[in-house]
Amino acid sequence: MPEHSPTTLAVVGAGAVGATIAYAALMRGAARRVVLHDINAAKVRAEVLDIAHGIQFMPMGEIDGSDDVEVCRGADLVVVTAGAKQQPGQSRIELAGKTIGLMRSIMPRLVEVAPDATYVMVTNPVDVVTYAALQLSGLPPTRLFGSGTVLDSSRLRWLVAQEIGVSVHNVHAYIAGEHGDTEIPLWSSASVGGVPLLEWETRTGRLGAEARDRIANEVVHAAYQIIEGKGATNYAVALAVSRIIESIVRDERRVMPVSTLLDDWQGIGDVCLSVPTVVSREGPGERLEVPLSDAERAALQASADKIRSVAREFGF
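In this text the structure is predicted, and so the values were computed from the model without any measurement.

With that settled, consider the overall build of the chain. Along the backbone of the chain there are 9 helices and 16 strands. In terms of overall dimensions, the chain is globule-like: its C-alpha atoms have a radius of gyration of 19 Å, near the 20 Å expected for 316 residues. Seen through its C-alpha atoms, the chain measures out along the principal axes to roughly 55 × 45 × 40 Å. Put simply, the chain has 316 residues, and 56% of those count as buried.

On to the nonpolar core, then. Counting 50 residues, the largest nonpolar core has Val78, Met107, Leu110, Tyr119 and Met121 as the members making the most contacts within it. Of all the secondary structure elements, the ones that give two or more residues to this core are strand E1 (8–12), strand E4 (77–80), helix H3 (96–113), strand E5 (118–121), helix H4 (126–137), strand E14 (271–274) and helix H9 (294–313). Counting residues per element, this core draws most heavily on H3, at 8 residues. Contact partners of Leu110, with chain neighbours within four places excluded, come to Val12, Val69, Cys72, Val78, Val80 and Tyr119.

In this section: the sheet that holds strand E11 (residues 195–196). Judged by pairing direction, the sheet is antiparallel, and its 3 strands sit side by side in the order E7-E10-E11 without closing on themselves. Taken across any chain shown, the strands that pair with only one partner, and hence form the sheet edges, are strand E7 (171–172) and E11. Examined bridge by bridge, strand E10 (residues 191–192) and E11 share 2 bridges and lie antiparallel to one another. Among the inter-strand pairings, Val192 is bridged to a residue of E11, identified as Val195.

With that settled, the discussion passes to the pattern of salt bridges. When their charged atoms lie close together, side chains carrying opposite charge are able to pair. Tallied over the full model, the rule gives 17 salt bridges. Of the charged contacts in the structure, one is a salt bridge between Lys306 and Glu178, with a shortest N-O distance of 3.6 Å. Here Lys306, found in helix H9, pairs with Glu178, found in the loop between strand E8 (175–176) and strand E9 (184–185); they are 128 residues apart in sequence, far enough to count as distant. On the accessibility criterion, Glu178 (3% relative accessible area) is buried.

Parameters and conventions
- Residues numbered from 1 in each chain as written.
- Predicted model: local features only at pLDDT ≥ 70, side-chain atom pairs only at ≥ 80, totals over all residues.
- Heavy atoms only, no water.
- Helix = DSSP H or I, 4+ residues; strand = E, 2+ residues; numbered from the N terminus.
- Rg over C-alpha atoms; globule rule 2.2 N^0.38 Å.
- Buried < 20%, exposed > 50% of the residue type's maximum accessible area, 1.4 Å probe, protein only.
- Core = buried A, V, L, I, M, F, W, Y, C linked by side-chain atoms within 4.5 Å.
- Contact = heavy atoms within 4.5 Å.
- Pairing = 2+ DSSP bridges.
- Salt bridge = Lys/Arg side-chain N within 4 Å of Asp/Glu carboxyl O.

Next up, the structure:
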């Protein structure tokens, strides 16, 4: 990625998630130029016009779009949101078949027009899709990874903050594993204002086992609740992806639970799932060896086994 030229971000898929990512990236100044690609020409044109009409109120930027993948040519970053839409009550894993079929056709073409880009997969089920996209694209794991549980971790932090009455900015906690039903909160490494989260129950009587279980359940089912109410999640995921983009473009080296191809992390390998990872201009780097309880380690292994088995079902 060029260090001094304006960054071009290509967003593939102009649905609720893709269009909102384009909007959020421009609003936050994460990219100077954003292009949208979608097979629905009228939709992508409408989204481009709607955002372009507000460009004067944003940091300096520009937006373009097309139903021709050529619009992505030369992009520095490519965010892939295109895929089958998740229906109310439908699990992310159930989306896998149609979405992987789409990746078979779209990834080779994207790599052709943007061979030097860093790719961030957002399409669900993101862990399986990321693993498949790596195989289909031939890109190294530092150049293609998934948004993982960055959003889920944000949900966890917000719920913890609401539970104990502190700013969400002072909560440090991660969701790891699958971005889906088998994801788990890493309570053992979580803290609030420097105080280990597991000590809050003894010190304040709050955040006991029952409260933690309730919060974990709310995180897992948050997307289903939102989809049932309005058809899609888009605002929070767009902000989460924008933060990932910023860490790459600005070489911030933020620690985020993105979904990457693991190679013997805590005994887990040959699978894409989320663990706390340093994200920089070079893409995902060091995976942090955070403290894990025996139960957390076992749950992560079970999550990995589930993702791996689904990938195998589709030939990966």
